[in-house]
Each structure stands twice: as C-alpha cells, then as structure tokens.
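Residue strings, one per chain:
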Amino acid sequence: MDLGPWRKSFEEIIPVPGDKSLTHRAILFSVLATGEMEIGGWLDAADTRASLTFAQALGVKVVEETNSRLVLQSHGIPQEPHDVVGCGNSGTTMRIGAGLAAAVPGMVVLTGDDSLRRRPMKRVAEPLGMLGVPVLTRAGGLPPLAIQGGPHGGGRVTLAVSSAQVKSALLLAGLTAEEAVTVAEPLPSRDHSERLLQAMGARLHGKAPLVTIDPGKLAGIALTIPGDPSSAAFWCALSAILPGRRIIIPSLLFNPTRVGFFRALERMGAQLDWHDEGSLPEAWGSLTVAGASLGPIRLKASDIPAMVDEVPLLALLATQALGTSVIEGAQELRVKECDRISVTTQILRAMGAEVEERSDGWVVNGPVKLRGAQVDAQGDHRMAMLAAVAATVAEGSTYLQGEDSVAVSYPRFFRQYEALARIAR
C-alpha cells in the first residue's frame, strides 16, 4: 500500500468503532447471564467475531444482528462445546474465555491462528489452576488450551504481572466458585470487567489492584458501547504530530484506565478539549485534539497499564518532539500480536528516526525529519496503523506491507484514512 505525505492543514470529525474491550466483554459475559444482552454500537471485527463464535459454542443464541446492534440470549448455564473452539487471532477471547470455561460442565479446548498459538498462556493457565480449574497447554505454556470445567474453589490469587484479561478470567471463574475469589495485581489494570459485572448484578468488593468477587449469577442488560480509545489514539496522534491539524472524536470512551495516552499527549504539549456527555455504565464524551509543537516525554512502568496498546504511538510522536524521550516498563509489548517494541523500532529506523531499543521500551531523540520507506506491519493491526500515521509527516512515499491486518480491530481504518488524505494532501 502506497502512503504519501500530507501537507495541508485540516479539521475533521472522525467517528471510531465501538470499544473492542467492552464489545468482547459484553459478548463473553452473556454466556453466564440469564436473559437478553442488548449491545448497541458493538465492534464488528475479526477479534470480536471470535468471541461471538466462542459464546455461541457455549450455547448463546443470536437474536438480532445489525451493524449497530447485537442482541444475545442465554440461560446462564454454559454447555460443553461439540468441538474445539477457534479464537482466531484474539488473545482476549482465549484468556477471558478460559475463565468462562471454568463454569462449563465438561471439557473446553481453545486454539487459534499461527500468531495466537505463539502467545504465552501460562499467565492465565496457572492462576486458574490455583482455583482448582485444570488447564493444560503445550510446552512453554503455549496454546491450544484444554480446560476441565466444573466445581472449583476460590481464594486469593496474586498476579506477577498486571493484566486486565487474566483478572477478568479469574473474576468470571469466581462467579461459579465455591467461595469468593480475590485478585491482587502489582498495578491497577483496566476495570471494564468490574464495571460491567456490577451492572449485570455481580457482587464485587474493592477496586484494582485488589478486587474480590462473590459467587453468584448475572442478568442480561442493555448497553451502548462508546468509541474505542485505542482506535481513536491513531487519529489523535495523527492530529497532535503537526501544528495545523485538528480532529474531533465523538462518543469516545472516557474510562480513567483507558485515557493514559491522551494524558500523555497533553504532557507533550498537544491541545486537548474534553466534553463529558454520559457516565453509565462507562464515562464517555467527545474529544478534540489539535496539533502543536511537542516536547519530550518520560514514561515509567506505572504509566503503561492505562495506555499499553498506544505506547508505540508515543515512540513515533517522540521522533517529532524537541528533546530526548524515554519510555520504560513496556515489556508487555513484546508478547502482543508481534514483538511491538522490535517492530516499532524497525519501522521508525527505516524512516530515519533516532531510536535506541531497550528491553522494555525506547530512548528516542527528536525532532527528526522522517522519510518515506518500505515497512512491514508483520501481521499486527497496531503496527499497520502506526506506519500510516508516520507516513503523513514523512518526505516521499511510504510503502506498507500488511495493511489488511487492521481487520481484527478496525476494518474501516484505511477507508477513513484515504478519505482524510484526499483533503490533506
């Protein structure tokens, strides 16, 4: 795909798809809910389709499905699947699904595509085992996963690494445990699961990094999914990276555990205007981002959980900031769809950036004039979109390989990108 530089100023409204994390959870939690789950504004993408396939394999029925609305029906008692369940490229489906499988009276086997089968699952298998849920993996903790559901215990599980997905799996297992389950994390992770579980009738105590759930039942609810901050981050970075650009994102999720990237933009000097519009079950509103001359940033491990998927974008922005930026504590990026620390380094260096790769992040010197180059997203949707943002400020054409990977989270990204490019070139 040929991506040329953008030279003109612009102001545009860019709607983004429904939040992927919330869509996954609304679909998956319906497995343990009684009644109908009405999901407005859901994200219809390859990853969330994997969660829908999983839910259906456990007995959930699709009552209605349109581009903007999904209605699911369940009896709250999951059934044993008739076959192995494929999770595609979705680590969220596999990790959270493993916790749901604890309630299944029988065997659940989860597999995925080549990329997912290389991603570590010991981090969810071992904590579930501590609750008495047997989980088998391949050598090294790799998928497929074989989970034996049924009666299991509760208790306290302490995670070595903060993970919203692993926490979610344990909380779901806690709903059908013999006693309460407490999850302790080193740092607070995203709290979407806690908010949605409470809205569906679960009894939770405390908040991340220490959360307890009592055994109990869920009820289906109606909710509308706000726009995805991780998707919006690419447009906001595209706007912030250069003065004269201004983008408005309507109906955006404002969950405090998801806005770390936008707060980092403010710290670097970008101009952001927040307009709150609602709060149930999650805060949301519109966000305006205007480009400015950027300063450097320093990120520590405690900053990462609120922006983990967006951290590579800050490395890109640092190439255009005046000074040296240091990003550390982001080693989690090495076990995503690809090694995002390594691939981000490859893309930025190919485009002329001064980047020092470290085990847990980068040191980036700026500003540096980027130049067009041939780059490869290596099958990762976030890397494809990062390269597209970088191309807008590079001299000459950028040739991107692997742009089709955006289908897992943002199928319309490049259609919107090209529409904006026609205005900005």
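All values derive from a computational prediction rather than experimental measurement. (Residues numbered from 1 in each chain as written. Predicted model: local features only at pLDDT ≥ 70, side-chain atom pairs only at ≥ 80, totals over all residues. Heavy atoms only, no water.)

This part covers the packing of aromatic side chains. Within the structure shown, the criterion is met by ten aromatic pairs. Where tryptophan 6 meets tyrosine 417, the ring centres are 5.0 Å apart and the plane angle is 45 degrees; that geometry is what we call tilted. Placement of tryptophan 6 in the loop between β1 (2–3) and β2 (10–13) and of tyrosine 417 in helix α12 (residues 413–424) is noted, with a sequence separation of 411 residues between them. Taken together, a centroid distance of 5.6 Å and an interplanar angle of 75 degrees make the contact between phenylalanine 261 and phenylalanine 262 edge-to-face. Owing to a relative accessible area of 1%, phenylalanine 262 belongs among the buried residues under this scheme. Grouping aromatic residues by their ring pairs yields a cluster made of Trp6, Phe10, Trp235, Tyr410, Phe413, Phe414 and Tyr417. When the ring centre of tryptophan 274 is taken as reference, the NZ or CZ atom of arginine 263 above it lies at 4.3 Å. (Phe/Tyr/Trp six-rings, centres within 6.5 Å; stacked < 30°, edge-to-face > 60°. Helix = DSSP H or I, 4+ residues; strand = E, 2+ residues; numbered from the N terminus. Buried < 20%, exposed > 50% of the residue type's maximum accessible area, 1.4 Å probe, protein only. Lys NZ or Arg CZ within 6 Å of the ring centre and 35° of its normal.)

Attention now goes to the side chain of histidine 192. As for its position among the elements, histidine 192 is in helix α6 (residues 192–199). Setting aside chain neighbours within four positions, we find histidine 192 in contact with Asp19, Ser21, Leu22, Arg25, Leu253, Asn255, Arg258 and Glu282. (Contact = heavy atoms within 4.5 Å.)

Okay, helix α2 (residues 46–57) next. For α2, which comprises twelve residues, the first-to-last C-alpha distance of 16 Å matches the rise-based estimate of 16 Å (1.5 Å per residue) to within 8%. Buried residues of α2: Asp47, Thr48, Ala50, Ser51, Leu52, Phe54 and Ala55, and no others. Where α2 is buried, its residues meet α1 (20–29), β4 (61–65), β5 (69–75), β6 (85–86), α3 (91–101) and β7 (107–111). Immediately beyond the C-terminal end of α2, within one or two residues, lies glycine 59, with a positive phi of roughly 110 degrees. (Expected span 1.5 Å × (residues − 1).)

Moving on, we come to the packing of α1 against α2. Direction vectors running N to C along α1 and α2 enclose 10 degrees, while the axes themselves pass 9 Å from each other. Viewed along their axes, α1 and α2 adopt a mutual orientation that is roughly parallel. Contacts from Lys20, Thr23, His24, Ile27 and Leu28 in α1 reach Asp47, Thr48, Ser51, Leu52, Phe54 and Ala55 in α2. Considered class by class, the residues forming the contact of α1 with α2 number five nonpolar, four polar and two charged. (Axes fitted to C-alpha atoms, helices over the stretch in contact; angles between N-to-C directions. Parallel < 35°, antiparallel > 145°, perpendicular 65-115°, else oblique. Nonpolar A, V, L, I, M, F, W, Y, C, P; charged D, E, K, R; others polar.)

The next point concerns the sheet that holds strand β12 (residues 204–207). Taken in spatial order, the four strands line up as β10-β11-β13-β12 in an open sheet, and their pairing is mixed. Each end of this open sheet is capped by a strand with a single partner; those strands are β10 (155–158) and β12. Sheet twist, expressed as the mean angle between neighbouring strand axes with direction ignored, is 10 degrees. Here β10 runs beside strand β11 (residues 181–184); their pairing, made up of four bridges, is parallel. Residue pairing in the sheet places threonine 158 in a bridge with alanine 184 of β11. (Pairing = 2+ DSSP bridges.)

Without other data, these values stay purely geometric and don't point to any function.
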